[in-house]
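# Working through the structure, step by step
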Amino acid sequence: MAASIHRNADDITVQQLALPMTAVEDLDERQDASASSHERVGFELGWDYAHHGQTPPVEQLFRQSPLQQGWQLGRSTFGARTLKSQRHTQLWLSLRLHAWQRGRSFETLLVTPNYLQQLDTTHCPVSRLPFSDEADHPQRRSIDRVRDDAGYAAGNLALISHAANVAKLDRGWQPCWAMAQSLRQGPMTMAGGLNADAWERMAVLASFVTPMPHELAAQLPMLVLPPNRLRLFNPVQALQALVTRQLATPGWSQRLTRLEALMDTPLRADFSKFVLALVPRVLRCQSLTDPMEIRWALEDAWRDPLLQKRWTHFAQQLTPEQAEQLVQRAARKQLSNVRVQSHLAATEGWALERQGYRTAD
């Protein structure tokens, strides 16, 4: 089971952007049938640059470049009849260019400008610093492939700062967690510009897209809430996120009571003990009005040892199947202000069989 958490209309206003289109004539017919995968992808990227009225970086505009060839043909085809280009369209093109230059797989069916807009937020979830619009600022926005052995695909992308992305490199959740514990022991307190708290948030973020034993996933504190559209591979973490998000909006007490009623009777007492440990630590959220401050208060509540102990005791009594069923039933009964979708083919388009790289043919 993999679930992705989507903000609803109350959390984010999604501006509809033009999706990538091809000309009336089939683009494939305009390419050399013997072209390699690298050449085909580059040609299509140049074509889309032209279709959106954008100019590729000058270093790509040499005669032998398939990107330049696609761009030139696109310009002659579309002329002034280009699609409206906005910030997320430009991000989409530059991200595809970055993936193409590195040979990385990029899934274009679902990862569109509109999709990237839904990832947008105001602060880095790892460092908690506000994003900067300055081109070379370390806190500028950066799309991270959360799971490094996968490509640029829906469910594997999160918006973090450039500095956090550089610090993470290809680390998975365990190396990130180990880094945090090393910093706590000293004498160093920072690594890659991040402190121990930030490295722990990085680790939990990476854990969401990492399948792991249920018993282990149940022990991880939710030190960062899942960003929008990220897929959660461990059902117990999806349940953990759903429960935590309850306290962000009024009516949480009634919703948690209804959620408890969905559980088997033997589990209810332990869930109630967990809630009793959670509520006092997030009651101050009720006086907060800034969405980010509320989010951080909910995340920081998970640093309490008693809270984590009670959650682990409750969660380890569930099977992965029971946790999944609870998430699905709660979503159907609208017990959360987020929408949870199950994915039968959770890693389709992720190119895991090629470690996230594009085919070499």
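Everything that follows concerns the structure shown earlier in this document.
No experiment lies behind these values; they were computed from the predicted model shown.

Conventions adopted
- Residues numbered from 1 in each chain as written.
- Predicted model: local features only at pLDDT ≥ 70, side-chain atom pairs only at ≥ 80, totals over all residues.
- Heavy atoms only, no water.
- Helix = DSSP H or I, 4+ residues; strand = E, 2+ residues; numbered from the N terminus.
- Buried < 20%, exposed > 50% of the residue type's maximum accessible area, 1.4 Å probe, protein only.
- Contact = heavy atoms within 4.5 Å.
- Areas by Shrake-Rupley, 256 points an atom, 1.4 Å probe, with all protein chains shown as cover.
- Expected span 1.5 Å × (residues − 1).
- Arc of directions from axis to C-beta.
- Polar contact = N/O pair within 3.5 Å; in protein donor to acceptor, adjacent residues only side chain to side chain.
- Core = buried A, V, L, I, M, F, W, Y, C linked by side-chain atoms within 4.5 Å.

## Quick word on the overall build of the protein
Looking only at helices and strands, the protein has 14 helices and five strands in total. Here the protein holds 361 residues, and the buried ones make up 52% of them. Considering only contacts within the protein whose residues lie at least 6 apart along the sequence, 68% involve residues at least 24 apart. Entry remark: accessible area of the protein is about 16,900 Å², with carbon and sulfur atoms responsible for 51%.

## A look at helix 14 (residues 320–332)
For helix 14, spanning 13 residues, the distance from its first C-alpha to its last is 18 Å, which sits close to the expected 18 Å at 1.5 Å a residue. Of the residues making up helix 14, those classed as buried are A323, L326, V327 and A330. On an axial view of helix 14, the arc spanned by its buried residues comes to 95 degrees, and they lie on one face. Count one or two residues on from helix 14 and you reach Q334, which has phi positive near 55 degrees.

## What about the side chain of R255?
Examined against the element boundaries, R255 turns out to sit in helix 10 (residues 252–261). What makes R255 buried here is its relative accessible area of 15%. Among the polar contacts made by the side chain of R255, one reaches the side chain of T249 at a distance of 2.8 Å.

## Details of the nonpolar core
In this structure, L116, V126, W199, L259, F271, F274 and F314 are the most contacted members of the largest nonpolar core, which totals 101 residues. Among all residues touching L259, those that are not within four sequence positions of it are L242, V243, F271, A330 and L335.

## With respect to unusual backbone geometry
Looking along the chain, the bond that leaves G186 and enters P187 is cis, with omega of 0 degrees. Mapped onto the elements of the fold, P187 is located in the loop between helix 6 (173–185) and helix 7 (196–207). Residues other than glycine seldom take positive phi values, yet Q355 does so here, at roughly 60 degrees. Within the secondary structure, Q355 sits in the segment after strand 5 (338–342).

Just distances and angles here, no functional claims.
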